[in-house]
Amino acid sequence: MHFTIAIDGPAASGKGTLAKALAKHFGFEHLDTGLLYRAVAARVLAGDTPEHAAQTLDTHHLTHKGMRTPEVGAEASRVAAIPAVRAALVDYQRKVARRKGGAVLDGRDIGTVIAPEAEVKFFITASDTSRAQRRLAEFTAKGIDTDLETVLRDMQDRDARDSDRAAAPLRPADDAITIDTSDLTAEEVLAIAIELVDEVLPK
Ligand SMILES: Nc1ncnc2c1ncn2[C@@H]1O[C@H](COP(=O)(O)OP(=O)(O)O)[C@@H](O)[C@H]1O
Ligand SMILES: Nc1ccn([C@@H]2O[C@H](COP(=O)(O)OP(=O)(O)O)[C@@H](O)[C@H]2O)c(=O)n1
């Protein structure tokens, strides 16, 4: 059985949390596609060129530590605007998306470019303040010294780069279901999403 769930949205909206929980619930594979761009960015920060880093990316690069720092996130959104970088990462993502047994992919262009044929598409949003507070809590838990104002500004800069770029900009697919998670717990978001997927999933 092929069944793809596409999840897109801006930074720290809760895409990854929902994708992981949906994959677990339905026994599907999960791919955090942001990790691909973060892994390219980490290699660029270590001296590689974006094109070479993307073309030679290997799954073991995805498990490296330090991928969720503000510096890697900012660089990820810069390399992600380069068409050759995006092109190098397409095949791997499409292969996962059409994997037998079902897949959940989260990112920015899953419903629009990587898997426009996905059976279910979600666009996950939340207010800027909620998202910045969530991201700050993550950074603080990791021992990264920053503050709400800085996190909010970096996040808005990154969202703007992701939305304004010419190559696969962040936007909901026409047939995506938007969920605003500002006032919902992760469990509430999951329950809503499961119900919507169940309506489409072959019995
Ligand atoms: N509905 C929610 N309510 C509150 N916090 C949430 C919710 N969904 C996710 N989070 C938390 O917000 C942070 C960012 O979530 P994450 O799923 O990593 O976002 P994204 O993948 O969109 O960047 C994480 O610490 C996560 O636990
Ligand atoms: N499918 C995707 C996924 C991520 N990205 C880029 O990678 C960056 C990091 O993505 P991420 O999903 O790890 O970021 P968060 O939403 O977790 O903060 C984004 O800001 C985008 O620039 C992309 O362009 N396309």
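What comes next is a walk through the structure. Here the structure is a predicted model, which is why all the values come from computation and not from measurement.

About the cut-offs
- Residues numbered from 1 in each chain as written.
- Chains lettered and ligands numbered in written order.
- Predicted model: local features only at pLDDT ≥ 70, side-chain atom pairs only at ≥ 80, totals over all residues.
- Heavy atoms only, no water.
- Buried < 20%, exposed > 50% of the residue type's maximum accessible area, 1.4 Å probe, protein only.
- Helix = DSSP H or I, 4+ residues; strand = E, 2+ residues; numbered from the N terminus.
- Pairing = 2+ DSSP bridges.
- Axes fitted to C-alpha atoms, helices over the stretch in contact; angles between N-to-C directions.
- Left-handed = near helix turned anticlockwise from the far one by under 90°.
- Contact = heavy atoms within 4.5 Å.
- Nonpolar A, V, L, I, M, F, W, Y, C, P; charged D, E, K, R; others polar.
- Core = buried A, V, L, I, M, F, W, Y, C linked by side-chain atoms within 4.5 Å.
- Near = heavy atom within 4 Å.
- Polar contact = N/O pair within 3.5 Å; in protein donor to acceptor, adjacent residues only side chain to side chain.
- Areas by Shrake-Rupley, 256 points an atom, 1.4 Å probe, with all protein chains shown as cover.

Describing the pairing of strand β4 (residues 120-125)
Across a regular strand the side chains alternate sides, sitting on one face of the sheet and then on the other.
Here's step 1: Counting buried positions along β4 gives six out of six residues, so the element sits mostly inside the fold.
Here's step 2: Because side chains alternate across β4, one face comprises the buried residues V120, F122 and I124, and the other comprises K121, F123 and T125, equally buried.
Here's step 3: Summarising the sheet, strand β1 (residues 4-8) and β4 pair through four bridges and their orientation is parallel. Bridged to I5 within β4 is V120.
Here's step 4: As judged from the four bridges shared by β4 and strand β5 (residues 177-180), these two strands associate in the parallel manner. Residue I124 lies in a different strand from β5, and its bridge partner there is I179.

Here we look at the packing of helix α7 (residues 128-141) against helix α8 (residues 148-164)
Here's step 1: Two elements in contact, α7 and α8, have axes whose closest approach is 9 Å; the angle formed by their N-to-C orientations is 115°. In terms of crossing hand, the pair formed by α7 and α8 is right-handed. Where α7 approaches α8, its residues D128, R131, A132, Q133, R135, L136 and F139 are matched on the opposing element by L148, V151, L152, M155, Q156, R158 and D159.
Here's step 2: By residue class, the composition of the contact of α7 with α8 is seven nonpolar, two polar and five charged.

A short note on the side chain of R131
Here's step 1: Mapped onto the elements, R131 comes out in helix α7.
Here's step 2: Ignoring any residue separated from it by four or fewer positions in sequence, one finds R131 in contact with P10, A11, A12, S13, A126, M155 and D159.

Overview of the nonpolar core
Here's step 1: I5, I7, L18, L22, F28, V104 and F122 are the most contacted members of the largest nonpolar core, which totals 19 residues.
Here's step 2: Only β1, α1 (15-26), β4 and α9 (186-200) provide two or more residues apiece to this core.
Here's step 3: At five residues, α1 tops the list of elements feeding residues into this core.
Here's step 4: In terms of nonpolar packing, the next biggest core, distinct from the first, is built from 18 residues, A41, V72, V79 and L89 among them.

What about the site of ligand 2?
Here's step 1: Close to ligand 2 lie 18 residues; K15, R38, R135, R158 and D162 are nearest.
Here's step 2: Within the side chain of D109, an N or O atom sits 2.9 Å from a nitrogen atom of ligand 2.
Here's step 3: For ligand 2, the accessible surface in isolation is 530 Å², of which the surrounding protein chains cover 97%.
Here's step 4: Elements represented by at least two residues in the shell around ligand 2 include exactly α2 (34-45), α4 (70-79) and α8.
Here's step 5: Looking at the shell around ligand 2, its residues break down into five nonpolar, four polar and nine charged.

Things to note about the sheet that holds strand β2 (residues 29-32)
Here's step 1: One open sheet holds the five strands; their spatial order is β2-β3-β1-β4-β5, and the pairing between them is parallel. This sheet does not close on itself; its edge strands, each paired only once, are β2 and β5. Neighbouring strand axes in the sheet, compared pairwise and without regard to direction, differ in orientation by 20° on average.
Here's step 2: Packing against the sheet, α9 makes contact with β1, β4 and β5, and its axis sits at approximately 160° to β4.

Focus: the site of ligand 1
Here's step 1: Of all residues adjacent to ligand 1, which total 14 residues, the nearest are A12, K15, G16, T17 and L184.
Here's step 2: The backbone of G14 places a nitrogen or oxygen atom 3.0 Å from an oxygen atom of ligand 1.
Here's step 3: The contact in question runs from an oxygen atom of ligand 1 to an N or O atom on the side chain of R135, over 3.0 Å.
Here's step 4: Protein coverage of the free-state accessible area of ligand 1, which is 560 Å², stands at 73%.

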